[in-house]
Number of protein chains: 2
Amino acid sequence: MSEQYVEEGDRRREIIEAALRVFSERGFGGATIKEIAREAGIRSPALIYWYFKDKRALFQEVLGAKVPVVRAVADLARVMDLPPEEALTKLGRAYFAFERMDARVLRLVIGEAIRRPEVAEAFVRAGPGRVLEFLKRYLERQIELGRLRPHDVRSGARMFVGMLIPQLAGKLFFPAMVEDGLTDEEHLRNAVETFLRGLAPES
Amino acid sequence: MSEQYVEEGDRRREIIEAALRVFSERGFGGATIKEIAREAGIRSPALIYWYFKDKRALFQEVLGAKVPVVRAVADLARVMDLPPEEALTKLGRAYFAFERMDARVLRLVIGEAIRRPEVAEAFVRAGPGRVLEFLKRYLERQIELGRLRPHDVRSGARMFVGMLIPQLAGKLFFPAMVEDGLTDEEHLRNAVETFLRGLAPES
């Protein structure tokens, strides 16, 4: 199929797949639009700019498309009114649903992000920052609905995401941290229960 | 002062300081006992082995001496019977008390650990693993004392440490994650309160 007959949506997805492969190998700093174009089988890098403003916007789309928890919060409206137990369990499952490929991207990007401030910012805005912002809004809504006690949602969001981090980090990078055998589902159930008990409305 | 008159404790501290500098620059994988000896002004690397079994043991001592939260849990007996609010606040404060130098070591070591399994293991056993193991024992003790409800302490330990991670990671590596202005002390107070409410004994 020649280039001009590729549908726009397909082309966009192809670019994202190609970008994922290039980011996985080169990291955020090392990847270039030129190389991503080559990987996607596109003759001119200019075409990429037609779909994505810059490398950073493309990176954000890659995480949005490939990291389940970012994908989950991208669709805010659908979970905003779910009861906390259901919404947080859903979010937590998405959080633990990293694939091997995502771990590779994450490994590179985190390694880079902790050394280079501009990568750190791109990473936060594309990934953890979006999850935290979603959670703040979600928790605020739950307080309004009287399902959670009034509390500082900046802390609430950090707490819930954070509770899951040692388990996820253990699974992805630090097996010695999870050798006590606790499973993702067990931990998620315990975390959701403790978090919601801790923030239950005064009775 | 010539080498043979240096007191053993001083020598040990000097080696740890030198090792910190070398680990900060080279990471765990890149550092060699030879270079650490040179940095410490010691003629023979063999002397280092008199104090520390191997590079890994030395690394563990460096984190133990230099990372406040690891230092805090090294002294288990003293906090084991403190009431949870006090003990967890103490632990949390130590957690947030990273110095610039520690951030540099951490940056390098984490970057390395997520790429190389043997560094990951050394890192976990020297740092986060010790904190988690301490917390499990501490939480078990509190359950025995009737101060906390029975729960899976593997989860409890991950939850409490985890709750603080986004704030600490923001402070050390990802400023965009903490630009909402929440302070360490505010977050710690909220986290301790929510955690303890969530695990309060049935009344």
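Residues numbered from 1 in each chain as written. Chains lettered and ligands numbered in written order. Predicted model: local features only at pLDDT ≥ 70, side-chain atom pairs only at ≥ 80, totals over all residues. Heavy atoms only, no water.

For chain A, an unreviewed UniProt entry supplies the name TetR family transcriptional regulator and the organism Rubrobacter marinus.

*Asks:* Sorry if this is basic, but what is going on with the UniProt feature "domain: HTH tetR-type" (unreviewed entry) in chain A here?
*Replies:* Sequence positions flagged by UniProt for "domain: HTH tetR-type" (unreviewed entry) are, in local numbering, residues 9-70 of chain A. Structurally, residues 9-70 of chain A is divided into 81% helix and 0% strand, and its ends, taken at the C-alpha atoms, are 20 Å apart. (UniProt positions renumbered as here; feature names shortened; annotations may be inferred. Helix = DSSP H or I, 4+ residues; strand = E, 2+ residues; numbered from the N terminus.)

*Asks:* Quick question: what am I supposed to make of the relation of the copies chain B and chain A here?
*Replies:* Superposition of the two copies of the chain requires a rotation about an axis and a shift along the axis. Between chain B and chain A, which share one sequence, the superposing operator has a rotation angle of 180 degrees and an axial displacement of 0.0 Å; the RMSD is 0.0 Å. Read as a symmetry element, the transformation amounts to a two-fold axis. Here 100% of the contact residues of chain B are again contact residues in chain A; the copies associate through an equivalent surface. (Least-squares fit on C-alpha atoms with pLDDT ≥ 70 in both. Contact = heavy atoms within 4.5 Å.)

*Asks:* Explain the side chain of K136 of chain A to me, please; I cannot follow it from the model alone.
*Replies:* Looking at where K136 of chain A falls in the secondary structure, it is placed in helix 10 (residues 128-144). K136 of chain A gets classed as buried once you look at its relative accessible area, which sits at 10%. At a separation of 2.6 Å, a polar atom in the side chain of K136 of chain A contacts the side chain of D180 of chain B. Those residues in contact with K136 of chain A that sit more than four places away from it in its chain are V153, R154 and A157 of chain A together with D180 of chain B. (Buried < 20%, exposed > 50% of the residue type's maximum accessible area, 1.4 Å probe, protein only. Polar contact = N/O pair within 3.5 Å; in protein donor to acceptor, adjacent residues only side chain to side chain.)

*Asks:* Explain the environment of T183 of chain A here, please?
*Replies:* Considering the arrangement of structural elements, one finds T183 of chain A in the loop between helix 11 (153-172) and helix 12 (184-198). For the pair T183 of chain A and Q167 of chain A, spaced 16 residues apart in the sequence, the C-alpha separation amounts to 8.4 Å.

*Asks:* It is not clear to me how the packing of aromatic side chains should be interpreted in this structure. Could you clarify?
*Replies:* Each aromatic ring pair is characterised by the separation of its centres together with the angle its planes make. Taken as a whole and judged by the stated rule, the model has 20 aromatic pairs over all chains. A centroid spacing of 6.4 Å and a plane angle of 40 degrees characterise the contact between Y51 of chain A and F52 of chain A, whose relative ring orientation is tilted. In this structure F52 of chain A comes out as buried when scored by relative accessible area, which is 2%. Taken together, a centroid distance of 5.6 Å and an interplanar angle of 50 degrees make the contact between F174 of chain A and F123 of chain B tilted. One end of the pair, F174 of chain A, is in the loop between helix 11 and helix 12; the other, F123 of chain B, is in helix 9 (residues 117-126), on a second chain. Judged by its relative accessible area of 7%, F174 of chain A is buried. The class of F123 of chain B is buried, set by a relative accessible area of 7%. An aromatic cluster is present here, built from F23, F28 and F59 of chain A joined pairwise through their rings. Over the ring of F28 of chain A we find K55 of chain A, and its NZ or CZ is 4.8 Å from the ring centre. (Phe/Tyr/Trp six-rings, centres within 6.5 Å; stacked < 30°, edge-to-face > 60°. Lys NZ or Arg CZ within 6 Å of the ring centre and 35° of its normal.)

*Asks:* Any chance you could explain the environment of V69 of chain B here in plain terms?
*Replies:* Residues and elements named next belong to chain B. Relative to the assigned elements, V69 resides in helix 5 (residues 68-74). Note on V69: relative accessible area 4%, which makes it buried. Sequence spacing of V69 and Y95 is 26 residues, and the spatial spacing of their C-alpha atoms is 4.8 Å. Apart from the residues within four sequence positions on either side, V69 is in contact with L91, A94, Y95 and V131.

*Asks:* Sorry, what's going on with the interface of chain B and chain A here?
*Replies:* How big an interface is tends to be expressed through the accessible area that disappears when the partners come together. Facing the 44 residues of chain B at the interface are 44 residues of chain A. Our enumeration of links across chain B and chain A arrives at 7 salt bridges. In this structure, R125 of chain B and E179 of chain A form a salt bridge, with 2.9 Å as the shortest nitrogen-oxygen distance. Only helix 8 (100-113), helix 9, helix 10 (128-144), helix 11 (153-172) and helix 12 (184-198) of chain B provide two or more residues apiece to the side of chain B that touches chain A. (Salt bridge = Lys/Arg side-chain N within 4 Å of Asp/Glu carboxyl O.)

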